[in-house]
Amino acid sequence: MIAPCEFLEWDTNFFQRRIGRVTVHELDNTLMQAILTWCDDNKIECLYFLSHPEHAVTAQLLTAHQFDFVDIRLTLEKTNIQDQKPFTPDVKIRPHQESDIPRLKQIASQSYRASRFYFDTHFPNALCDQFYEVWIEKSCNGYADMVLVCDVNNQPAGFVTCSIKDGQGQIGLVGVDATTRGKGVGYQTLMASLNWFHDHNCQIIEVVTQGRNVTAQRLYQRCGFVTKSVELWYHFWTKNGK
């Protein structure tokens, strides 16, 4: 049986650990054995698995084989964007400039401590910081279709990355500088991103956050997002990775 797994070259190169991912969300005994064999054959150190929480057999197998639960993945969506009235921000929000990137990397390095990588002690926190620095830099260099920046005191205080695929909007990263949190920067920038999606004829926008990140959930709910799905992230560290 061919294992439903893929080797993650980018993650492997970045973290310097051989990393793979399971490409299905529910397991049985046969699939689990195929996955474990694939890990051995490919010298995998860490395997990501995104589980459907309603599948009891999967949960039992993950526990039996010592997969580590690391995150709740919440996908939220906002629909009927074309029916929404344009939002007028109270602060300056603009497309990013190349000169913003160092500042955006600084914000990104401190903005995602609720993510699964920080809750897996095999990944050093400093390397996790760099992971998000790279992500926002890649977003500015074309990985995202648009990076909107909110200026406070003439310097970037927050950002939202926006992408469109098959007519559907996707918010990738939302970051706010620690010194300006609680002052409406995230809300203003996120609402401005809805204007951008509206202007690009998107009907649906999705964003992903963590179950432990209640602050982000409340922000998205305030902007009209509702929960679409709940999934569970697991990391499996093999004998090669321990």
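The model shown is predicted, which means the values in this text are computed figures rather than measured ones.

Here's the deal with helix α3 (residues 56–64)
Then, number 1: Every buried residue of α3 is listed here: Thr58, Leu61 and Leu62. Taken around the axis of α3, the buried residues stretch over an arc of 100 degrees, which confines them to a single face. What points out from α3, more than 90 degrees from its buried face, is the exposed set Gln60, Thr63 and Ala64.
Then, number 2: For α3, the secondary structure elements touched by its buried residues are α2 (29–41), β3 (46–51) and β10 (226–237).
Then, number 3: Positioned one or two residues after α3, Gln66 has a phi angle of 60 degrees, which is positive.

Some remarks on the pairing of strand β2 (residues 19–22)
Then, number 1: Where strand β1 (residues 5–7) lies against β2, 3 bridges are found, and the strand directions are antiparallel. Looking across to β2, one finds that Phe7 is bridged to Gly20.
Then, number 2: Bridge count between β2 and β3: 3 bridges; the pairing is parallel. Among the inter-strand pairings, Ile19 is bridged to a residue of β3, identified as Cys46.

Overview of the environment of Gln130
Then, number 1: Its place among the elements puts Gln130 in helix α5 (residues 125–143).
Then, number 2: Overall, the relative accessible area of 38% leaves Gln130 in the partly exposed class.
Then, number 3: With 116 residues separating them along the chain, Gln130 and Phe14 place their C-alpha atoms 9.4 Å apart.

Digging into the pairing of β10
Then, number 1: Relative to β10, β3 runs antiparallel, the two sharing 6 bridges. Paired with Leu47 across the strands is Phe236, a residue of β10.
Then, number 2: In the sheet, strand β4 (residues 68–79) pairs with β10 via 9 bridges, with the strands oriented antiparallel. Note on β10: the bridge partner recorded for Asp71 is Trp233.

Digging into α2
Then, number 1: The end-to-end C-alpha distance of α2, which contains 13 residues, comes to 18 Å, matching closely the 18 Å that a straight helix rising 1.5 Å per residue would cover.
Then, number 2: With a side-chain oxygen positioned 3.2 Å from the backbone nitrogen of Thr30, the residue opening α2 is Asp28.
Then, number 3: Positive phi shows up at Lys43, right after α2, with a value of about 55 degrees.

Rules used in this analysis
Residues numbered from 1 in each chain as written. Predicted model: local features only at pLDDT ≥ 70, side-chain atom pairs only at ≥ 80, totals over all residues. Heavy atoms only, no water. Buried < 20%, exposed > 50% of the residue type's maximum accessible area, 1.4 Å probe, protein only. Helix = DSSP H or I, 4+ residues; strand = E, 2+ residues; numbered from the N terminus. Arc of directions from axis to C-beta. Contact = heavy atoms within 4.5 Å. Pairing = 2+ DSSP bridges. Expected span 1.5 Å × (residues − 1). Polar contact = N/O pair within 3.5 Å; in protein donor to acceptor, adjacent residues only side chain to side chain.

Treat this as a map of the structure, not an account of what it does.
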